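Chain residues, written in single-letter form:
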Amino acid sequence: MLLLQKMMMFFLIMLIGYICRKSGVFKDTTGKTISSIVINIGNPALIIASGMNPERLENKGKLLFTLGVALIYFAIMLAVAELLPRLLHADREDYGAYQVMTLFSNIGFMGYPLLDVMYGSNAIIHAVIFNLLYNVLIYTYGIHKMQIGGCQKNINWKQLVNIGVGSCIIAIILYITNLPVPLILEDTATFTGAITGPLSMLVIGDSLAQTRLRDLFTDVRLLVFSVVKLVLLPALLLWGLCFFIKDPIFRGVCLVMMATPVGSMTVMLAQQYNGDYRLTSRGVALTTLLSVITMPFLFWALKL
C-alpha cells in the first residue's frame, strides 16, 4: 500500500508537469532551468542533509561491512552498465543514457520512505552509506556519460570538480566525524533538499509531454531493459550477497537499494548535459510504473 501511494504521488506530480507543458505554462527552456536548480541547489542540499543524520551505526564493524557491500554492488553495476547497452543493441548515441539508467536507481525519493516504514531508522543508516557512494558516482560517472553519449572520450577531470562532488565530501565528513551542526543549518539543508523530489517529477512530466506516451509500451528495447533492471539484476545480485549477508533486515535494505526504478536525477543530468532526456524520461516513468508489481514480487519470491 505504501509503495502504491508513493507511485501515485510521483505520477500525479509528473502529470502536473505534463499539463504545464501542454498548456504552455512551461516553455522550451523551463525543463533545463529546473534541472539546473535541482542539480546545483536541491540535490546538493539533500546530500549534505543526509550527512547530518543524528542516527549512527554504533558498531563500526557494521559500518565498514555496509560500505564494503555498497562498494561491491556499485563495482558490479558499473560493469553491467558498460555491457548492457551492447547486449540490448542500443543505438550508439543512447549508450550513455542506458548506462546511467542502469546504475542509478531512485534510492533517495523512494528507497528511504519504504525502508523507514518497513524496518525503521536503523535501515535508513545503511541506506545513507549506499546513497553517499551513489551521489559521488552520479556527479562524476553520470555527468561524464551524459556528456559523451555513445562516444568514447577521456574524462575531463576539471568538469567533474563540481558542487555535487563537493557536497558529497562535506556529507561524508559530517557523517564520519559526527560534527555538531546548528539546528538552523540542518533545517535549511533539509528544507532546501526537499524541493528535489517534486521538481524532478515536474521535469519528467515536461519531458514526457514532448514525446508520444505510447512509446512507453511500444519500445521493446526499453521494456527488456526495465525487466532486467527491476527483476533480473536485483534477484541475481541479492542471491549472491545472501552467501555473505545473514541479517534479513540488511538483505531487505539491499533489495530496496537494487530494485527501485530508474532515478529521476538521470533526467536532470540529461537535461543539463545534453543527454537523451526523452529516453531517460520514458525510462523513469516506465520503471516506476512497473516497480509497483516487481518490487512486491521480489520481496515475496525472495521471502524477505
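Computed from a predicted model, the values in this text were never measured in an experiment.

A.B. asks: What is the right way to read the nonpolar core from this model?
C.D. replies: Most often, soluble globular proteins have nonpolar side chains that are buried together. Counting 84 residues, the largest nonpolar core has Tyr98, Phe104, Phe130, Tyr139, Phe225, Cys254 and Met257 as the members making the most contacts within it. Among the elements that take part in this core, helix 6 (residues 121-148) stands out by supplying twelve residues, more than any other. If we ignore the near neighbours within four places in the chain, the residues touching Phe225 are Leu84, Leu88, Tyr98, Met101, Thr102 and Val262.

A.B. asks: Looking at this model, I keep getting lost on the packing of helix 13 (residues 265-272) against helix 14 (residues 277-301). Mind explaining?
C.D. replies: A pair of packed helices is captured by two measures, namely the crossing angle of their axes and the spacing between those axes. Their axes nearest at 8 Å, the elements helix 13 and helix 14 cross at an angle of 175°. Our classification of the angle between helix 13 and helix 14 gives roughly antiparallel. For the pair formed by helix 13 and helix 14, the contact residues are Thr266, Val267, Ala270 and Gln271 on the first element and Tyr277, Thr280, Ser281 and Val284 on the second. Classifying every residue of the contact of helix 13 with helix 14 by side-chain character gives four nonpolar, four polar and no charged.

A.B. asks: Help me understand the environment of Ala171, please; the structure alone is not making it clear to me.
C.D. replies: Mapped onto the elements, Ala171 comes out in helix 7 (residues 163-177). You can call Ala171 buried: its relative accessible area is 0%. When the C-alpha positions of Ala171 and Ser50 are compared, they lie 6.8 Å apart, and in sequence the two are 121 residues distant.

Conventions we followed
- Residues numbered from 1 in each chain as written.
- Predicted model: local features only at pLDDT ≥ 70, side-chain atom pairs only at ≥ 80, totals over all residues.
- Heavy atoms only, no water.
- Core = buried A, V, L, I, M, F, W, Y, C linked by side-chain atoms within 4.5 Å.
- Buried < 20%, exposed > 50% of the residue type's maximum accessible area, 1.4 Å probe, protein only.
- Helix = DSSP H or I, 4+ residues; strand = E, 2+ residues; numbered from the N terminus.
- Contact = heavy atoms within 4.5 Å.
- Axes fitted to C-alpha atoms, helices over the stretch in contact; angles between N-to-C directions.
- Parallel < 35°, antiparallel > 145°, perpendicular 65-115°, else oblique.
- Nonpolar A, V, L, I, M, F, W, Y, C, P; charged D, E, K, R; others polar.

From the geometry alone we can't say anything about function, so treat these as descriptive.
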